[in-house]
Amino acid sequence: HPARLSCGSRVLDLSRPHVMGILNVTPDSFSDGGQHANLDAALRHAQAMVAAGATLIDVGGESTRPGARVVSPLEELERVAPVVEAIARELDVVISVDTSTPAVMREAARLGAGMINDVRSLARDGALDAASDSGLPVCLMHMRGEPADMQNAPRYEDVTAEVRSFLEARMQACASVGIGAERIVLDPGFGFAKTVAHNLSLFKRMESLHALGRPLLVGVSRKSMIGNVLGRDVNDRLYGSLALAALAVDKGARILRVHDVAQTVDVVRMIAAVEAAE
Ligand SMILES: Nc1nc2[nH]c(SCC(=O)O)nc2c(=O)[nH]1
């Protein structure tokens, strides 16, 4: 696949792996300061991740963790818009907006976002049109149901085959509103409507998704698939996250969505050094 992804005013060279830093602007990730303090803290966090080598920052205003409560579009917009505007003004980085809400997609694109990252693959009313109108690239991710119920005994015959056909179908939905394949990034959706066994099998077989001909984004950082295997809680999953980051790059993933940017950048750099050797 052509490795250049045009992200608004910037171009990402996806012939090599990139690290996407996670910037949660949900209340549970906020300090208890006021809105301004939180905006300042968010901008400083983004700045640190860019300094550490992140070439994308993923700004999310709605927690999509299992059981997360629903956020109103207005509330989500009030959290996300100021942060996108500040990063677009202050930093040289591709801003990905992690949202399923059409109004948030439109406003973020207007404020300088360079990519739409929708865990619901543009399923909500108006999302396909909002993404199409934005002109931005879109990450399509596999998920079933909603965070409130997606982990209730998910079942698959062949999880990788079903994820692949889901993503294929969403690519066709995108094509039907003029979002060409060249604007698509694909994501298996680790941790969304999947058991640990499903996640590990999907990870092992993720290379079959290359048949769809689009770059892969992988988000496994600090997730429960690591916690379950290692028996570690969320703040002790760095080593497991780095192991999977290395494996994902080895399997051809081109965007790694992570919390621990500096550490993951070192993993990517070591792999690049080996690949560049004689
Ligand atoms: N594209 C994409 N977006 C995401 N947003 C989250 S939120 C849950 C968490 O970080 O634990 N995960 C993902 C992911 O895996 N892929």
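Analysis parameters
Residues numbered from 1 in each chain as written. Predicted model: local features only at pLDDT ≥ 70, side-chain atom pairs only at ≥ 80, totals over all residues. Heavy atoms only, no water. Phe/Tyr/Trp six-rings, centres within 6.5 Å; stacked < 30°, edge-to-face > 60°. Helix = DSSP H or I, 4+ residues; strand = E, 2+ residues; numbered from the N terminus. Buried < 20%, exposed > 50% of the residue type's maximum accessible area, 1.4 Å probe, protein only. Pairing = 2+ DSSP bridges. Near = heavy atom within 4 Å. Polar contact = N/O pair within 3.5 Å; in protein donor to acceptor, adjacent residues only side chain to side chain. Areas by Shrake-Rupley, 256 points an atom, 1.4 Å probe, with all protein chains shown as cover. Nonpolar A, V, L, I, M, F, W, Y, C, P; charged D, E, K, R; others polar. Expected span 1.5 Å × (residues − 1). Arc of directions from axis to C-beta. Contact = heavy atoms within 4.5 Å. Salt bridge = Lys/Arg side-chain N within 4 Å of Asp/Glu carboxyl O.

Asks: Would you mind going over the packing of aromatic side chains with me for this structure?
Replies: The description of an aromatic ring pair rests on the distance of the ring centres and on the angle between the ring planes. Tallied over the full model, the rule gives one aromatic pair. Taking 5.4 Å as the distance between ring centres and 45° as the angle between the ring planes, the aromatic pair formed by F190 and F203 counts as tilted. One end of the pair, F190, is in the loop between β8 (184-187) and α6 (196-204); the other, F203, is in helix α6, with 13 residues separating them in the sequence. Judged on exposure class, the residue F190 and its partner F203 are both buried.

Asks: For this particular structure, what's the right way to read the pairing of strand β1 (residues 4-7)?
Replies: In summary, the side chains of a regular strand alternate between the two faces of the sheet. Burial along β1 is one-sided: the residues L5 and C7 are buried and none of R4 and S6 is. Pairing between β1 and strand β2 (residues 10-13): four bridges, direction antiparallel. Looking across to β2, one finds that C7 is bridged to R10.

Asks: Would you mind showing me how to read the site of the ligand here?
Replies: Near the ligand you find 13 residues, and of these R65, N117, D187, K223 and R257 are the closest. Between D98 and the ligand, the recorded distance is 3.1 Å, taken from a side-chain N or O atom to a nitrogen atom. The side chain of K223 places a nitrogen or oxygen atom 2.7 Å from an oxygen atom of the ligand. For the ligand, the accessible surface in isolation is 390 Å², of which the surrounding protein chains cover 94%. The class makeup of the residues in the shell around the ligand is five nonpolar, three polar and five charged.

Asks: How should I be thinking about helix α9 (residues 261-276) in this particular structure?
Replies: Every α-helical turn comprises 3.6 residues, leaving residues that sit three or four positions apart pointing alike. Taking 1.5 Å per residue as the helical rise, α9 with its 16 residues ought to reach 22 Å, and the 22 Å between its terminal C-alpha atoms agrees with that figure. Of all the residues in α9, the buried ones are V261, T264, V265, V267, V268 and I271. Down the axis, α9 shows its buried residues gathered within 155° of arc, on one side only. Facing away from the buried side of α9 by more than 90 degrees, the exposed set consists of R269, M270 and V274.

Asks: How do you make sense of the environment of M141 when you look at a structure like this?
Replies: Within the secondary structure, M141 sits in strand β7 (residues 138-141). Residue M141 is classed as buried on the basis of its relative accessible area, which comes to 4%. Residues M141 and E76, 65 residues apart in the sequence, show an inter-C-alpha distance of 20 Å. Once residues within four sequence positions are removed from consideration, M141 is found in contact with D118, V119, S121, F166, L167, D187, G189 and F192.

Asks: Can you help me understand the pattern of salt bridges in this one?
Replies: Should the charged atoms of two oppositely charged side chains come close, the side chains can pair. This structure, assessed with the given rule, holds 15 salt bridges. Between R106 and D133 there is a salt bridge whose closest N-O contact spans 3.0 Å. Of the two residues, R106 is situated in helix α3 (residues 102-111) and D133 in helix α4 (residues 127-134); the sequence distance between them amounts to 27 residues. Classification of R106 as partly exposed rests on a relative accessible area of 39%. Residues E207 and K251 are paired through a salt bridge, measuring 3.5 Å at the closest nitrogen-oxygen approach. Residue E207 is found in the loop between α6 and β9 (217-218), and its partner K251 is found in the loop between α8 (238-250) and β10 (255-258); the two are separated by 44 residues along the sequence. A relative accessible area of 40% places E207 in the partly exposed class. Overall, the relative accessible area of 13% leaves K251 in the buried class. Residues joined in a network through salt bridges with shared partners are E62, R120, R124 and E146.

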